[in-house]
Amino acid sequence: MAELVNQRIEGMINEMEQMRRIELFDDEEIRDISRKRKEFEYRIQRRVKEKDDFVKYITYELTLLEDISLRRRQTKLVDKRKEIEYAIAKRVNKVFKQFIMRFQNDVEIYFEYIKFCRSVGFDYAVSAIIGQMLQIHGDKPKTWQLASIWESKEKKNLDTARSFLLKGIHRHPQAEVLYLELFEIELKIANSAENKEEKEKFLKRAEVVWRNGMKNILDSSFLFKVCDLSLKYNNDELIKSIQEEVWNRKEDKNVWVYIASKELEGYHWSEIEQFVEDDNHYSNELRYCIAVYEEALQQFPDEKLCTKYIHQLLGLNDSICTDTQKINVVKHAWTYGHENGLLSNDMYTFGISFLKLEDEISKDDFIEILDTALVKIPKSKELWEEKLLLNKSNESKMLSILQDACKTMKGDDLLHLWNFMLENIESTVVFKNVYKKFQSCESIVVLSLKPKFLQKIYEHNGLKSARDAYEDFIKTPPTQLQLHKIMVDIEMSQDKPNLKSARKCYECQVQQHGKDSVQTWLDYMEFESQNGNAQAVPQIHRRAIATLKTDLVDEFIKIQALTKLK
């Protein structure tokens, strides 16, 4: 192996010498190139070859080619291209051949090899590569498509491209990409026909292609792609026959979506005119689109279809309607969906934001919309929040709404509404009622609001009530670390802090969270050292080591040591 590697490195000496001679690279850079190439050569010559070794070698050489190209532009050097760039390209070509020989089952390598050949002008080699690829990977439709694209777009040989696709379809009669590629080639051939008679012959051939495709591919999306291609090449008779076939599949709701989108592009189905209302406010394209969607929603009352309807109108461009018209049709579509029970939660959220932005809807109408929506989507936190927000001036009503929400909402969504309620309550009487509701709540998620309630109780009712609530909260799980911290902050915020009460909070804190929280003990020790009872600190330190989980003891000791150093 060493002998072979040395032989190949020797074959690169002239190329690297030319790099030095025209001063593309200095001596150190040349040595580095030689060293890396030798390393790569050893890797690809090993008995057990790895795909990554070939990839890295090829990538290195291609990067080197880019670097040489850049340096040539900067220095305006044009000499010795054959000795340098061409030599590198030839070597990469050989590496690719080895790569394919070793990993011939990997079709991606062929694609990369073809891409490389095109980039360095080795077009003559591509046909052979494609032939080899089809022999080994003819079971993959994509390879036949690639062969066809090469012949049609690079070599401008439509007949050979067509031949590849026919062979591919023979092996893969359900391959959509091959039918579509062949259909487009037939259209190109028809467009280049010298007379009308030839053109009709080729168009009939194109019709055979798409109709055969339909027999084997039942998905309507194939027919849509065929229709798009026919519109691209603009042959009226062919377009008409495909449009008829599209309409014949109108029991598929996706057909209606497709027709609506094409109507906006100016491609018309005369069959839909029976659904169109006379309205001179909008362009024909927009009227047709609206009519198609609303007839479709009559036949297929579906949330997703209604969402597509609204999104289609939101995407209207300036050539179809003015901004004011767009706002009106979007509002019309949303209202249509609301009145027919076809709006999803996201569409309700969007529509409500839209209506609030317009600010043209009365409070009663807004409430009616929310109530209707909540009957359909009772677990929507966004809708409940909007209802709470709408009644912000009536806190008693907000409480009633929260009680209704609690019947259907669970988990984090319910917690979100409780938080929202607490943040917006100002009345002490209403807060008292909310607190009573909280005390009777059994949801663990909602009970996580204990710290927030403690803070609110202090703000509404003062220190004594906060102490009573704290005593009540620590008796029943779950308790949160934050609960104790808030009570300590309340105690220490008084004009004359009650250290005994604050110390009691710290004791409760270490009893309930001392096993898992290093910071709990650190806070307790800091409290004692700053408030006149430094003698208690060593005892708390010993308790912490005895109480903390084993894996946290080292962390505690480390933090303590660092604190003393400071």
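Residues numbered from 1 in each chain as written. Predicted model: local features only at pLDDT ≥ 70, side-chain atom pairs only at ≥ 80, totals over all residues. Heavy atoms only, no water.

In the nomenclature of an unreviewed UniProt entry, the protein chain corresponds to U3 small nucleolar RNA-associated protein 6 homolog from the organism Pieris macdunnoughi. UniProt, in its Subcellular location (unreviewed entry) section for the protein chain, records the words "Nucleus, Nucleolus". Per its UniProt entry, the protein chain bears the Sequence similarities (unreviewed entry) comment "Belongs to the UTP6 family." (UniProt positions renumbered as here; feature names shortened; annotations may be inferred.)

A. Quick look at helix α25 (residues 450-461). The end-to-end C-alpha separation of α25 is 16 Å, in line with the 16 Å expected for 12 residues at 1.5 Å each. Inspection of α25 places K450, P451, F453, L454, K456 and I457 among the buried residues, and these make up the whole buried set. Contacts made by the buried residues of α25 are with α22 (411-424), α23 (428-439), α24 (444-447), α26 (463-475) and α27 (481-492). One or two positions beyond α25, positive phi appears at G462, with a value near 95 degrees. (Helix = DSSP H or I, 4+ residues; strand = E, 2+ residues; numbered from the N terminus. Expected span 1.5 Å × (residues − 1). Buried < 20%, exposed > 50% of the residue type's maximum accessible area, 1.4 Å probe, protein only. Contact = heavy atoms within 4.5 Å.)

B. Looking closely at the side chain of Q18. If you trace the backbone, Q18 turns up in helix α2 (residues 13-21). Apart from residues lying up to four places away in sequence, Q18 is in contact with K80, E83 and I84.

C. Inspection of the packing of helix α12 (residues 220-233) against helix α13 (residues 236-248) at higher detail. One way to put it is that α12 packs onto α13 with a least axis distance of 9 Å and a crossing angle of 160 degrees. Compared by their axis directions, α12 and α13 come out roughly antiparallel. The handedness of the crossing between α12 and α13 is left-handed. Taking contact as the criterion, the partners of L223, F224, V226, C227, S230 and L231 in α12 are, on α13, L238, I239, I242, Q243, E245 and V246. The class makeup of the residues in the contact of α12 with α13 is 9 nonpolar, 2 polar and 1 charged. (Axes fitted to C-alpha atoms, helices over the stretch in contact; angles between N-to-C directions. Parallel < 35°, antiparallel > 145°, perpendicular 65-115°, else oblique. Left-handed = near helix turned anticlockwise from the far one by under 90°. Nonpolar A, V, L, I, M, F, W, Y, C, P; charged D, E, K, R; others polar.)

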